[in-house]
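Here's the letter readout for the chains.
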Amino acid sequence: MTDSVQMIEILPSLLSADFARLGAHIAEVEAAGATMLHFDVMDGHFVPNLTMGTPVLQSLRKITRAHLDVHLMITNPDDFVGIFAEAGADSISVHQETCPHLDRTLRLIQTEGAQAGVVLNPSTPVATLDEVLPIVDFVLVMSVNPGFGGQKFLPNSLQKIGQLAERRARLGLGFKIEVDGGIGASNAADVVRAGAEWLVAGNSVFGASNPGDAFIALRETAQQGLQQHV
Ligand code: DX5
Ligand code: ZN
């Protein structure tokens, strides 16, 4: 991975925002420079929690021009890809573990006009994606077990990011590498150094007293991973 192709984005995760003040929280991080937002959808089946659906996404679409990155932690995602795309998703990711026909699902997302991503749980090996890497727009490495914000980063995620970056370089592919879970000042530079460019951050941004300042500080820390890359 060369520095020239890496453009680091911090994606504030709305799961950690105050849901009664979503619009205000989005305005704060946008004023700080955020151009992408992460939107977690949970169904209480694939993961043990419930979150937001298309009515919320539709409302947010009206108040922001930011890229809305929808992370589907749901069973049968094919049934919902169309309505999330219509509600305003710019990118949609589905879990490898929920997709027996992963190639078809990824192509469906693209047909609906969104960028297509595939997500790996911490226990799912990178090699399970070898057949679809040529068609994906991005791969999301979960660095916690999905379901909740505010969990601790699992360090073996760095190896998986590195394995993806190695495949991307070797095969001459252009997919982005996203990482989600427990990202903060202590590991943001490490995940960038390993090869990631989209860093989801929930608690470390919206758990701070000033989310805008936290966003700026985290972006600066993450960019140090680029400078340290040799
Ligand atoms: C967890 C979600 C994450 C979550 C991350 O299942 O997919 O997007 O919001 O939150 P933090 O950054 O607090 O771990
Ligand atoms: Zn997420």
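Everything numeric in this text was worked out from a predicted model, so none of it was measured.

Colleague: Can you walk me through the overall build of the protein chain in this structure?
Modeller: Looking only at helices and strands, the protein chain features 8 helices and 8 strands. For 230 residues, the compact-globule formula gives about 17 Å, and the C-alpha radius of gyration of the protein chain, at 16 Å, lands near that figure. Overall size of the protein chain, expressed as C-alpha extent along the three principal axes, is 45 × 40 × 30 Å. Considering only intrachain contacts with a sequence separation of at least 6, the fraction spanning at least 24 residues in the protein chain is 65%. For the protein chain, the computed accessible surface area is about 9,800 Å², with 50% contributed by carbon and sulfur atoms. Charged side chains in the protein chain number 14 positive and 25 negative. The centres of these two groups are separated by 3 Å.

Colleague: Any chance you could explain the coordination of the zinc ion (ligand 2) here in plain terms?
Modeller: By definition of the ideal shapes, four donors in a tetrahedron about a metal sit 109.5 degrees apart, and six donors in an octahedron sit 90 or 180 degrees apart. Donor atoms from the polypeptide that bind the zinc ion (ligand 2) are His38 (NE2), Asp40 (OD), His71 (ND1) and Asp180 (OD), placed at 2.1 to 2.3 Å. Angles of 71 to 171 degrees at the metal separate the 6 donor atoms of the zinc ion (ligand 2), which places the site in the octahedral class. All donors of the zinc ion (ligand 2) belong to a single chain; written as a sequence motif, their spacing is H-x1-D-x30-H-x108-D. Taken together, the residues Asp40 in strand S2 (residues 36-42) and Asp180 in strand S7 (residues 176-180) connect sequence positions 140 residues apart. Take Asp40 and Asp180: they sit in the same class, and that class is buried.

Colleague: Teacher, can you tell me more about the side chain of Arg168 here?
Modeller: By the secondary structure assignment, Arg168 is in helix H5 (residues 157-171). By relative accessible area, Arg168 is classed as buried at 5%. For Arg168, the side chain forms a polar contact with the main-chain oxygen of Gly195, separated by 2.9 Å.

Basis of the calculations
Residues numbered from 1 in each chain as written. Chains lettered and ligands numbered in written order. Predicted model: local features only at pLDDT ≥ 70, side-chain atom pairs only at ≥ 80, totals over all residues. Heavy atoms only, no water. Helix = DSSP H or I, 4+ residues; strand = E, 2+ residues; numbered from the N terminus. Rg over C-alpha atoms; globule rule 2.2 N^0.38 Å. Contact = heavy atoms within 4.5 Å. Areas by Shrake-Rupley, 256 points an atom, 1.4 Å probe, with all protein chains shown as cover. Lys, Arg positive; Asp, Glu negative; His and termini not counted. Charge placed at Lys NZ, Arg CZ, Asp CG, Glu CD. Donors = N, O, S within 2.8 Å, 3.2 Å for Na, K, Ca; no water. Tetrahedral: all angles 85-135°; square planar, octahedral: opposite > 155°, others 65-115°. Buried < 20%, exposed > 50% of the residue type's maximum accessible area, 1.4 Å probe, protein only. Polar contact = N/O pair within 3.5 Å; in protein donor to acceptor, adjacent residues only side chain to side chain.

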